[in-house]
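Examination of the molecular architecture
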Amino acid sequence: RVDPVPIAWDYDDPAPIVDFDIYNYSIVMNPVLGIEQIVFTDEPLTIQVEQSDRSTPLNPPERPYAYVIPAVWTEVIERLSL
């Protein structure tokens with residue numbers, strides 16, 4: 001278990017740019033629902049995206065010493081007793 005618990009991260013700046021393979025798509029209006037939807041094609045497409053290989057935790061809180069478990073949660077208590 002990691003202690004303290006990271007809940008926010010500081011990422012690389014600038015992040016490296018990498019090629020990312022996806023399928024081409026278009027956004028069309030759905031005539032039945034009246035909303036826009038994404039429709040994918042079988043045409044490959046390569047886009048460039050930022051990739052973060054490294055990150056640093058920011059202001060991690062300490063893990064609690066104990067947790068309060070309601071007595072009616074008998075299944076949880078049994079599992080924790082193993």
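Report on the accompanying structure. (Residues numbered from 1 in each chain as written. Predicted model: local features only at pLDDT ≥ 70, side-chain atom pairs only at ≥ 80, totals over all residues. Heavy atoms only, no water.)

Thoughts on the overall build of the protein
In plain terms, the rule: Helix numbers and strand numbers start at the N terminus; a helix is a DSSP run of H or I with at least 4 residues, a strand a run of E with at least 2. Radius of gyration here is computed from C-alpha atoms only, and the compact-globule reference equals 2.2 Å multiplied by the residue count raised to the power 0.38. With a 1.4 Å probe rolled over the protein chains alone, any residue whose accessible area is under 20% of its type maximum counts as buried; one over 50% counts as exposed, and the rest are partly exposed. Contact definition: two residues touch when any of their heavy atoms are within 4.5 Å. None of His or the chain ends enter the tally, which takes Lys and Arg as positive and Asp and Glu as negative. Here the site of a charge means atom NZ of a Lys, CZ of an Arg, CG of an Asp or CD of a Glu.
Along the backbone of the protein there are 1 helix and 4 strands. Its C-alpha radius of gyration of 23 Å places the protein more than 25% over the 12 Å reference for a compact globule of 82 residues. Projecting the C-alpha coordinates of the protein onto the three principal axes gives extents of approximately 55 × 40 × 25 Å. Burial analysis of the protein (82 residues in total) assigns 4% to the buried set. Partitioning the contacts of the protein with sequence separation of at least 6, the portion at a separation of at least 24 is 60%. Measuring between centres, the 4 positive side-chain charges of the protein sit 17 Å from its 14 negative side-chain charges.

A word on the pairing of strand E3 (residues 36-50)
Regular strands show a simple pattern: their side chains alternate between the two faces of the sheet. What counts, and what does not: Any two strands are treated as partners once DSSP identifies two or more bridges connecting them.
Direction of pairing for strand E2 (residues 17-29) relative to E3: antiparallel, over a ladder of 12 bridges. Pairing of Tyr-25 across the sheet is with Phe-40, part of E3. Connecting the antiparallel pair E2 and E3 is a turn made up of 6 residues, with Gly-34 showing a positive phi of about 75 degrees.

Quick notes on a nonpolar patch on the surface
The condition that has to hold: Grouping into patches uses exposed residues only, defined as over 30% relative accessible area, and leaves out salt-bridged ones; the cut-off is 9 Å for like charges and 5 Å for nonpolar side chains (Val, Leu, Ile, Met, Phe, Trp, Tyr). In short, Shrake-Rupley with a 1.4 Å probe defines the accessible areas, and a residue's cover is counted only from the protein chains shown. Every case where a carboxyl oxygen of Asp or Glu lies within 4 Å of a side-chain nitrogen of Lys or Arg is listed as a salt bridge.
Nonpolar side chains collect at one region of the surface, where Tyr-67, Ile-69, Val-72, Trp-73, Val-76, Ile-77 and Leu-80 lie side by side and expose about 710 Å² of accessible area between them. Relative to the helices and strands, Val-72 resides in the loop between strand E4 (55-57) and helix H1 (74-81). Classification of Val-72 by relative accessible area gives exposed; the value is 70%.

Description of the packing of aromatic side chains
We apply this condition: Only Phe, Tyr and Trp rings take part, Trp by its six-membered ring, and two of them pair if their centres are within 6.5 Å. Stacked means planes under 30 degrees apart, edge-to-face means over 60, and tilted covers everything else.
What the rule picks out here adds up to 1 aromatic pair. Note on Tyr-25 and Phe-40: the rings are 6.1 Å apart at their centroids and 55 degrees apart in plane angle, and the pair reads as tilted. Taken together, the residues Tyr-25 in strand E2 and Phe-40 in strand E3 connect sequence positions 15 residues apart. Assessed through its relative accessible area of 41%, Tyr-25 is described here as partly exposed.

Some words on the environment of Tyr-67
Turning to its location among the elements, Tyr-67 is positioned in the loop between E4 and H1. With a relative accessible area of 56%, Tyr-67 lands in the exposed category. With 49 residues separating them along the chain, Tyr-67 and Val-18 place their C-alpha atoms 43 Å apart.

Digging into the side chain of Asn-30
Note the cut-off: Here a polar contact is recorded for every N or O atom pair within 3.5 Å, except that within protein the pair must consist of a potential hydrogen donor and a potential acceptor, and residues adjacent in sequence are included only if both atoms are side-chain atoms.
By the element assignment, Asn-30 lies in the loop between E2 and E3. Overall, the relative accessible area of 13% leaves Asn-30 in the buried class. Looking at Asn-30, its side chain comes within polar contact range of the main-chain nitrogen of Val-32, at 2.8 Å. Once you skip the residues sitting within four places of it in the chain, Asn-30 turns out to touch Ile-35 and Gln-37.

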